[in-house]
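Fold and contact review
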Amino acid sequence: MWEEEQDGALVAAALRGDGEAFAELVRRYDRPVYHLAYRTLHDAEEARDVTQEAFFKAYRSLRTFRPEAKFSTWIFSIAYHACCDRLNKRRRFSGEEIQDPVDAAPSPEHQAIALDEARRLRAAIDALPEKYRTVITLYHLQGQQYEEIAQVLGLPMGTVKTHLFRAKEHLRRMLSEREEP
Amino acid sequence: MKYDDASLDRALSALPLEEAPASLRSAILARTAYRPAPILSVAEIVAIASIAAVLSWIALTMGSQIGSAIAAAFSNLALLAWLAAGATAAVALEFLTLSQPLYAPQRRARDRAKP
């Protein structure tokens, strides 16, 4: 709660022309936004572009930010929509639907997963279908707040809960499959 | 390790965020908060562009007449003397700093100081 109030004060200061206040918001959220973009797009260069684009858009439309909203939800939402645009472009250029990797056989990369738990979990998240991957990434970033995840994705809360439940099921299944010899 | 709901939540919370490229933050700040202030404001640019457009229109529609009028004017010694006097006065005023250049940061600071 304290962080939200601080964010609100920083936005208000930035609107009064205080550049340092916006710089502080960038310092707070550049890494989480990059994380969301990277996890959604799986491309470091595109994730970097999306992160820059998101902050640039936020800076330009700071006046449209509603004071009762959370800055984190707002910036994640901008970044998520930028990611969706890029994914749609990819689909248009490739001329086909991106394969849903969840039921596919694990790639050689995934087969050669490290023993380290974080790397295994990351590999399992990467193998999730896009909609589940985004939900689980936001669940991780937003501190498990369903309502805020629903706001970012523009989905009903029930859908978010269903996606999360299925994402966790997939993760558990993949993690246990990989442990078996 | 078998994951139940709680242990999966714990593992997700403990998952470190992706390391952002080193230059990302400075690139964002350079385009947003630390972007150099423009020398001219949007209103000033619009005003200058409007004046330029009107002058261009006049020049295009009355080109030949203006040309002959200017040629006639510059052959008038009294007019040239007045123009020289005006230019000298403008330079002198600039040296005396009686006129301030339109400079955005100064104006912004002034605006911010207003109650």
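About the cut-offs
Residues numbered from 1 in each chain as written. Chains lettered and ligands numbered in written order. Predicted model: local features only at pLDDT ≥ 70, side-chain atom pairs only at ≥ 80, totals over all residues. Helix = DSSP H or I, 4+ residues; strand = E, 2+ residues; numbered from the N terminus. pLDDT = per-residue confidence, 0-100. Contact = placed C-beta atoms within 7 Å. Nonpolar A, V, L, I, M, F, W, Y, C, P; charged D, E, K, R; others polar. Core = buried A, V, L, I, M, F, W, Y, C linked by C-beta atoms within 7 Å. Buried ≥ 20, exposed ≤ 12 C-beta atoms within 10 Å, placed from the backbone. Domains from an automatic or database assignment. Axes fitted to C-alpha atoms, helices over the stretch in contact; angles between N-to-C directions. Parallel < 35°, antiparallel > 145°, perpendicular 65-115°, else oblique. Left-handed = near helix turned anticlockwise from the far one by under 90°. Expected span 1.5 Å × (residues − 1).

In terms of regular secondary structure, chain B is built from six helices and zero strands. Along its sequence from the N terminus, chain B presents helices and strands in the succession α-α-α-α-α-α.

Here we come to the confidence of the model for chain A. Residues and elements named next belong to chain A. The share of residues in chain A with pLDDT of 70 or more is 83%, and the mean pLDDT across the chain is 83. For chain A, per-element mean pLDDT is lowest for helix H5 (residues 108-111), which scores 48, and highest for helix H3 (residues 44-60), which scores 94. Across residues 110-115 the pLDDT falls below 50, and counting only partners more than four positions away or on other chains, this stretch makes nine contacts in the model.

Here we take up the interface of chain B and chain A. Tallying the contact residues gives 24 residues for chain B and 30 residues for chain A. At the level of secondary structure, the elements contributing two or more residues to the side of chain B that touches chain A comprise helix H1 (5-14), helix H2 (24-31) and helix H6 (104-113) of chain B. At six residues, the largest contribution of residues to the side of chain B that touches chain A is made by H2 of chain B. Broken down by class, the residue content of the side of chain B that touches chain A amounts to 15 nonpolar, two polar and seven charged.

Residue and element names in this part refer to chain A. Counting residues in each nonpolar core, the largest one holds 50 residues, and the members touching the most others are Val33, Ala37, Ala54, Ile75, Phe76 and Ala79. For this core, the element with the highest residue contribution is helix H2 (residues 19-41), accounting for 10 residues. No fewer than three residues from each of domain 1 (1-98) and domain 2 (103-181) sit in this core. Those residues in contact with Ala54 that sit more than four places away from it in its chain are Val33, Ile75, Ile78, Ala79 and Ala82.

One can describe the packing of H3 of chain A onto H2 of chain B by two numbers: an axis separation of 10 Å at closest approach and a directional angle of 30°. On the basis of their axis angle, the class for H3 of chain A and H2 of chain B is roughly parallel. Crossing of H3 of chain A over H2 of chain B shows right-handed handedness. Contacts between H3 of chain A and H2 of chain B involve Arg48, Thr51, Gln52, Phe55 and Phe56 of chain A from the first element and Leu24, Ala27, Ile28 and Arg31 of chain B from the second. Residue composition of the contact of H3 of chain A with H2 of chain B, by class: five nonpolar, two polar and two charged.

Before going further, it helps to examine helix H4 (residues 63-74) of chain B. Between its first and last C-alpha atoms H4 of chain B spans 16 Å; for 12 residues at 1.5 Å apiece the expected length is 16 Å, and the two agree. Along H4 of chain B, only zero of the 12 residues are buried, which leaves the element largely exposed.

Quick look at unusual backbone geometry now. Residues other than glycine predominantly adopt negative phi, and peptide bonds predominantly adopt the trans conformation. One non-glycine residue, His42 of chain A, adopts positive backbone phi at about 60°. Along the chain, His42 of chain A falls in the loop between H2 and H3.

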